[in-house]
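Listed below are the residues making up each chain.
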Number of protein chains: 2
Amino acid sequence: MKVCKFGGTSLADANQIRKVCNIIVSDSERRLVVVSAPGKRFDSDIKVTDMLIKCAKLAIAENNYNSNLDEVISRYAQIADDLGVPDIMNEISADFTKRLIKDTDNVKFMDRVISAGEDNCAKLVTAYLKSIGYDSNYIHPGQAGMLLSADFSNTVVLDQSYEKLAKLKNIKGIGVFPGFFGYSLKGDIVTFPRGGSDITGAILAASVKAEVYENFTDVDYVYSVNPKIIKNPKPITEITYREMRELSYAGFNVYQEDALLPVYKAGVPVNIKNVNNPTCPGTMIVKNRVHTNSPVIGVASDDKFCCIAINKYLMNREVGFGRRVLGIIEDEGLNFEHMPTGIDDISVILRESQLSDDAKDRLIEHITTELRADSINVEKNLCLIMVVGEGMSHNVGIAARATKALASVKVNIQMFTQGSSEVSMVFATSKADCEKALKALYEEFFEVRLGND
Amino acid sequence: MKVCKFGGTSLADANQIRKVCNIIVSDSERRLVVVSAPGKRFDSDIKVTDMLIKCAKLAIAENNYNSNLDEVISRYAQIADDLGVPDIMNEISADFTKRLIKDTDNVKFMDRVISAGEDNCAKLVTAYLKSIGYDSNYIHPGQAGMLLSADFSNTVVLDQSYEKLAKLKNIKGIGVFPGFFGYSLKGDIVTFPRGGSDITGAILAASVKAEVYENFTDVDYVYSVNPKIIKNPKPITEITYREMRELSYAGFNVYQEDALLPVYKAGVPVNIKNVNNPTCPGTMIVKNRVHTNSPVIGVASDDKFCCIAINKYLMNREVGFGRRVLGIIEDEGLNFEHMPTGIDDISVILRESQLSDDAKDRLIEHITTELRADSINVEKNLCLIMVVGEGMSHNVGIAARATKALASVKVNIQMFTQGSSEVSMVFATSKADCEKALKALYEEFFEVRLGND
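Residues numbered from 1 in each chain as written. Chains lettered and ligands numbered in written order. Predicted model: local features only at pLDDT ≥ 70, side-chain atom pairs only at ≥ 80, totals over all residues. Heavy atoms only, no water.

- An unreviewed UniProt entry lists chain A under the name Aspartokinase, from Anaerocolumna jejuensis DSM 15929.
- Recorded in UniProt under Function (unreviewed entry), the annotation for chain A is "Catalyzes the phosphorylation of the beta-carboxyl group of aspartic acid with ATP to yield 4-phospho-L-aspartate, which is involved in the branched biosynthetic pathway leading to the biosynthesis of amino acids threonine, isoleucine and methionine."
- Looking at the Catalytic activity (unreviewed entry) heading of the UniProt record, one finds this comment for chain A: "L-aspartate + ATP = 4-phospho-L-aspartate + ADP". (UniProt positions renumbered as here; feature names shortened; annotations may be inferred.)

### Brief notes about the nonpolar core
- Formed by 57 residues in total, the largest nonpolar core has its most connected members in Leu-168 and Tyr-255 of chain B.
- Mapped by element, the contributors of at least two residues to this core are β2 (30–35), α9 (197–207), α10 (241–249), α11 (260–266), β11 (270–274), β13 (298–311), β16 (375–388) and β18 (424–430) of chain B.
- Here the element with the most residues in this core is α9 of chain B; it accounts for 5 residues.
- For Leu-168 of chain B, the contacting residues outside a window of four places in its chain are Met-1, Leu-32, Ile-139, Ala-144, Phe-177, Leu-204 and Val-208 of chain B.
- Val-263, Ile-285, Leu-382 and Val-426 of chain A belong to the second-largest nonpolar core, a separate cluster that totals 56 residues. (Core = buried A, V, L, I, M, F, W, Y, C linked by side-chain atoms within 4.5 Å. Buried < 20%, exposed > 50% of the residue type's maximum accessible area, 1.4 Å probe, protein only. Helix = DSSP H or I, 4+ residues; strand = E, 2+ residues; numbered from the N terminus. Contact = heavy atoms within 4.5 Å.)

### Overview of the domain arrangement of chain A
Residues and elements named next belong to chain A.
- When its domains are assigned, chain A resolves into domain 1 (2–286) and domain 2 (298–446).
- Contact with domain 1, which involves 16 residues of that partner, is made by 21 residues of domain 2.
- Between domain 1 and domain 2, a total of about 1600 Å² is buried, with carbon and sulfur atoms accounting for 63% of that surface.
- When the buried area of domain 1 at its contact with domain 2 is split by residue, Ile-229, Glu-246 and Tyr-249 rank highest and sum to 35% of it.
- Joining domain 1 to domain 2, the criterion identifies 1 salt bridge.
- For Arg-242, the salt bridge identified is with Glu-390, shortest N-O distance 2.9 Å.
- Looking at the side of domain 1 that touches domain 2 element by element, the count peaks at 5 residues for helix α10 (residues 241–249).
- Split by residue class, the side of domain 1 that touches domain 2 holds 8 nonpolar, 4 polar and 4 charged. (Domains from an automatic or database assignment. Buried area = accessible area lost by both parts, 1.4 Å probe. Salt bridge = Lys/Arg side-chain N within 4 Å of Asp/Glu carboxyl O. Nonpolar A, V, L, I, M, F, W, Y, C, P; charged D, E, K, R; others polar.)

### A word on the pattern of salt bridges
Residues and elements named next belong to chain A.
- Within this structure, the stated rule accounts for 52 salt bridges over all chains.
- Residues Lys-123 and Asp-119 are paired through a salt bridge, measuring 4.0 Å at the closest nitrogen-oxygen approach. Taken together, the residues span about one helical turn, with Lys-123 and Asp-119 both in helix α6 (residues 116–131) at a distance of 4 residues. For the pair shown, Lys-123 and Asp-119 are each scored as buried.
- Salt-bridge contacts for Asp-303 lead to Lys-304; the nearest nitrogen and oxygen are separated by 3.6 Å.
- When its relative accessible area of 23% is taken as the criterion, Asp-303 is described as partly exposed.

### A short note on the relation of the copies chain B and chain A
- When chain B is fitted onto chain A, the two copies agree to an RMSD of 0.1 Å after a turn of 180° and an axial shift of 0.0 Å. Such a turn and shift between the copies fits a two-fold axis.
- The overlap is high: 98% of the interface residues of chain B also sit at the interface in chain A, so the same surface is used on both sides. (Least-squares fit on C-alpha atoms with pLDDT ≥ 70 in both.)

### What about the sheet that holds strand β12 (residues 283–286) of chain A?
Residue and element names in this part refer to chain A.
- Overall, mixed pairing links the 8 strands, which are arranged β3-β4-β2-β1-β7-β11-β12-β10 in an open sheet. What marks the edges here is a single partner per strand, and that holds for β3 (136–138) and β10 (238–240). Put simply, the sheet's adjacent strands are angled 20° from each other on average, direction ignored.
- Bridge count for strand β7 (residues 212–217) against strand β11 (residues 270–274) is 5 bridges, and the pairing is parallel. Along β11, the bridge assignment pairs Tyr-213 with Val-270. (Pairing = 2+ DSSP bridges. Axes fitted to C-alpha atoms, helices over the stretch in contact; angles between N-to-C directions.)

### Let's talk about the environment of Asn-412 of chain A
- The residue Asn-412 of chain A is located in the loop between α14 (398–408) and β17 (415–418) in this model.
- Linking Asn-412 of chain A and Ser-430 of chain A, residues 18 residues apart in sequence, is a C-alpha distance of 7.9 Å.

Right, here's the structure in full:
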């Protein structure tokens, strides 16, 4: 059994849905299908989910949302007509209308409304598959056992779901499962963060112990570097869960980072495939991969970090200094990424978005008064660059090649840490140097070099 | 006014003391002199302080210490005879005898006995200087105001000492001050850690705002690398306090690390000089130094570290994970050196001597149960190598040169951190690779290279 997930652009109109259904029926193992809500048909188009958010906000503000609701319904009606399944619209239209009656609190209401995009898309796809002669069934997430925590708009799966959902292994025909949401133990609809259909698919794949979780997107492969920065970068045919996690973390948006855990634990491989080019083998995310000449599999960057540098003479004599610094950071509700230390220095690197000017001032105040630091400097606009690859830490010379490549383009390394993760090394540079650094590292590790060295 | 400090080997016998006194009287600014206890005259000799420790231990165990005490007294008597000041022995002999009467608790008793070496050496040197016609005075640390915390054998100076000791600026003639000890507020003798005469000198130099603190040892210079590992290494003529501190920390034993703080705060330069070659300018420790071509001033290593590597999937999502790891480390009374972090990994590097097998087991138990880590590995026999130099962090390419040098001799870098300290970068390697790594780095940064890079 294969679990397949299709994203919003793959379901944006009737033509796309036909393409998706052709892919589904071309392999009889594709028996559990997760769908998103219809996405953009063209650049300036609006995703159904965004249209629903607008409806919900109008309803919460007690404004008239009828014309907005009509737009959503007519979007579905158009697709249903084009697919030749207009009858399904009675059910879909009634569902949207009913969900928008504001009879509960705002957070519950919002999750209930925005999940309607996926839910009704699943009904549409089911109807179409039936219409072309396939045994197809819409699966109700609540009845199937997709039980989630009551953290509205940011839920996580409850452990007991896996056992319940495992029964889907025995479904007849093709099951169509709406992505992005599930039910709390109290029976409320709760949604994952945006992009959560990847997570739904991963949970299902893990539950039924699928032979593979096919995640259809609009790229042929995951690439070794961001294709927006380097043209035609080297595709990755095989990558480990750990490598993929490090790259996702550092800005690779192909596959939702949270969607790795269920498949990683269950050992289900993930295949990133292109809905527009389904015969391309795509990228396989696996437990162990065949090693090639270079242990480096990808280079990624993310440029929204800042650094709090604290200096105090004889700091290393004070038992607990580092712990107290992190305690103060935590009191502000901040999460740190790295903490490089010198003898009398400690730096804390964290995502800049977390640190408002107020929080920054409070932090400096706390560290000054509680820890009596000699100096504190906050440096913004830092870029973290990760060089990722399994077993890299045991390969003599990777650090040398990376630092040499950065020096050759005169990029100043503001921080460099290697050693805790076996899968990556991290450089911090100024935001201004970020692209130059990424290019230099890509060239060093991926471009065929002629001549010596 | 110059403050001079002379170590034990410089005061080991009458000839050495004559040499020291010639140095003192050759410069009329040398008016405050700190002396250690007589050290070794030859390799198999025993230092006076070690002889006194033995006496004290015998007394504590209520064993007969008379022959041991006689040895100490005859050592002083020999020197006094050779210097032509036998009369001083009445006072010295009585003092040793009196101190060894066990009338207090063990820790107080120990400090009182072992400080006698310095105290009586100061009396000896004073008597000799007088005998050769100089106005010379023994200074009683308690009366002069060397007030210390009541942490026996590991004391620190109390802030109020500086003001009291500042009056020494106005002493007549040459003041001879015994190193290594002072008095608690209750009037008990308390000692610094071994090598504490460096600290006494630094406190005096800071108190009187000396133009320079001359620290006489038996080497011409501080060298850029340990001369036991690299033959004839490049001498350091000028080094900043911060650089010296990093090198002292990493195993440079020329100058006691704790002795930097008082002079650093007071801005008094330190001159490391050779008692056997006093015309050699030696090494100046200053606030700012003239920069040469390479920002690297020294390379040091210390091989007694271990690493606790903790892995947990999705660790970076857990606010407070790092703080809790450090809290557990602290509960065990351990002090950490570095904490490199990956996304799902955190490593804590600490001095191996701190971590008994019991402590290790408890630590693993705590981390496993409290933090539910997926895996914990303790790696012993780690060596930390520091490359030190002011302004290094802003010099593009130093990291590249260092990592390349290490790769060229196939040294695997287990951890590398740069960025928090502006003065150093730190590599961790296995103990087995330590010497090889140090040599490669020394060659890279200090040996004249012919030809291209």
